[in-house]
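Residue-level structural notes
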Amino acid sequence: VTEDQTRITSLASDGLRDALTIADLESLARQRMDPAAYDYCAGGSGAEATLAENLAAFARRRLRPRALVGVAKPALATTVLGRRLELPIGVAPVSLQRLAHAEGEVASARAAADLAALFCLSTFASRSMEEVAAGAGPGVRWLQLYLLRDRGVTASLLDRASAAGYDAVCVTVDVPVAGRRHRDLRNGFRRFMAGQPALLRDLAPQANGDREAALARLDAIFPNPRATWADFEWVCSRTSLPVLAKGVLRRDDARLALGSGARGVVVSNHGGRQLDRAVPSIDALAEVVQAVAGEAEVLLDSGVRSGADVLVALALGARAVLVGRPVVWGLAADRAGSGVAGARRALELLRDGLAEAMVLAGAGSVDALDPSFVA
Ligand code: GLV
């Protein structure tokens, strides 16, 4: 029996505590999830070139450590939009988290709140924003929003986000249409049939409580290929919450976002789920950071799987990173438990990995990181 086989066996029998990497959590999740639901979460669009490149682009970055800086315990705390966070790693908006764990987004939001990390709830979350706010305890929370074809629905989501104490709205700008996901097509997987977005309940009144009718109504308002920056600007004018644009990969779009009222941008290719062959987020980061020139917050998602990845993103100018799949794998790995421990484990692996990388690189705080740390 090889060391690897022993490790795989012990992972299968125990689980969370033995998971040393996000890949470990993923292999547990894969054993514990419905295969089509796993594919929905793991997969990307088209030939999955961007999905793979997101990871490869991080993996090829090399670091330039500083020696004898005297760092024993690096400071990981940061602020985003003026709010203090104990770690520069947050939970990305991932739809339908009940596919991974019965508690869904309440568990992942709780994990984030426990660690004083940012949590962003998807419009297509399987728990409502009020359930999450009530169940997760105090924490910094954002609502992710699509520019739906019905401003009335968008307005009601914005009002509910304010009322439920959400701190910001993160508008996804890279979904004119949903990316073509071959795994889902082959599996016959229909996401809104397999997992219920809590939003359906809001649409159901107009559909007389009929689920099929509510789904048809959802189809009628999402996606919205005609959306433009004018719609983004309308969202900014309709809410008093700060608004960010998620899915920016170019300097001109970063400027348009700011000109339209964005207080931040998230450099993202939607985890390789939208335009296949889009550039890896980490390769687009420096361009966007330069274009924003300190006028707004820049965050990044897509491909972050280790503490060293986080270090690279921060060094290249991200204020914080968001992780989606790692948290889903944590939830699913903890299927027999509360889900909170699993989601926490994912965030802790990244947090501890970042701290270790910062000690080894000689960076005493996140502010000490700059592009000189990346080769
Ligand atoms: C939802 O945004 C997805 O990428 O599936």
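Described in the following lines is the structure provided in the data block. Since the model is a prediction, treat every value here as computed from it, not as a measurement.

The rules behind these values
- Residues numbered from 1 in each chain as written.
- Predicted model: local features only at pLDDT ≥ 70, side-chain atom pairs only at ≥ 80, totals over all residues.
- Heavy atoms only, no water.
- Buried < 20%, exposed > 50% of the residue type's maximum accessible area, 1.4 Å probe, protein only.
- Helix = DSSP H or I, 4+ residues; strand = E, 2+ residues; numbered from the N terminus.
- Phe/Tyr/Trp six-rings, centres within 6.5 Å; stacked < 30°, edge-to-face > 60°.
- Near = heavy atom within 4 Å.
- Polar contact = N/O pair within 3.5 Å; in protein donor to acceptor, adjacent residues only side chain to side chain.
- Areas by Shrake-Rupley, 256 points an atom, 1.4 Å probe, with all protein chains shown as cover.
- 1 Å grid on protein atoms, 1.4 Å probe; cavity = no way out; pocket = protein on both sides within 12 Å on 5 of 7 lines; lining within 4 Å.
- Sits in = over half its atoms within 2 Å of the grid points.
- Nonpolar A, V, L, I, M, F, W, Y, C, P; charged D, E, K, R; others polar.
- Salt bridge = Lys/Arg side-chain N within 4 Å of Asp/Glu carboxyl O.

Glancing now at helix H16 (residues 325-333). With respect to burial, H16 is a largely interior element, nine of its nine residues being buried. Buried within H16 are the following residues: Arg325, Pro326, Val327, Val328, Trp329, Gly330, Leu331, Ala332 and Ala333.

The tally for this structure, following the rule as stated, stands at seven aromatic pairs. Plain terms: the ring middles of Tyr146 and Phe222 are 4.7 Å apart, the flat faces sit at 55 degrees to each other, and that makes the pair tilted. In this pair, Tyr146 is assigned in the loop between strand E5 (141-145) and helix H7 (151-163) and Phe222 in the loop between helix H11 (211-221) and helix H12 (229-238), connecting sequence segments 76 residues apart. According to the relative accessible area criterion, Phe222 is buried, its value standing at 7%. On the basis of an interplanar angle of 70 degrees and a centroid distance of 5.2 Å, the ring pair of Trp229 and Phe232 is categorised as edge-to-face.

Let us look at the site of the ligand. Lining the immediate surroundings of the ligand are Tyr40, Tyr146, Arg181, Arg191, His270 and Arg273. Between an oxygen atom of the ligand and a side-chain N or O atom of Tyr40, the distance comes to 3.0 Å. Between the ligand and Arg181, the relevant distance is 2.9 Å, taken from an oxygen atom to a side-chain nitrogen or oxygen of the residue. Protein contact buries 90% of the 190 Å² of open area that the ligand shows by itself. Among the cavities detected, the one that contains the ligand is the largest cavity. Of the residues contributing to the shell around the ligand, the split by class is two nonpolar, one polar and three charged.

Quick look at the pattern of salt bridges now. Pairs can form between side chains of opposite charge whenever their charged atoms are close. For the coordinates displayed, the defined rule picks out 20 salt bridges. Its salt-bridge partner being Arg238, residue Asp159 comes within 3.0 Å of it at the nearest N-O pair. Taken together, the residues span a long stretch of sequence, with Asp159 in helix H7 and Arg238 in helix H12 at a distance of 79 residues. The exposure class of Asp159 is partly exposed, given its relative accessible area of 39%. Relative accessible area serves as the criterion here: at 31%, Arg238 is assigned to the partly exposed category. Arg251 is the salt-bridge partner of Glu287, the closest N and O atoms lying 3.8 Å from each other. Here Glu287, found in helix H14 (residues 281-292), pairs with Arg251, found in helix H13 (residues 251-259); they are 36 residues apart in sequence, far enough to count as distant. Using a relative accessible area of 41% as the deciding quantity, one classes Arg251 as partly exposed. Among the charged side chains, a salt-bridge network with shared partners connects Glu53, Arg60, Arg61 and Asp283.

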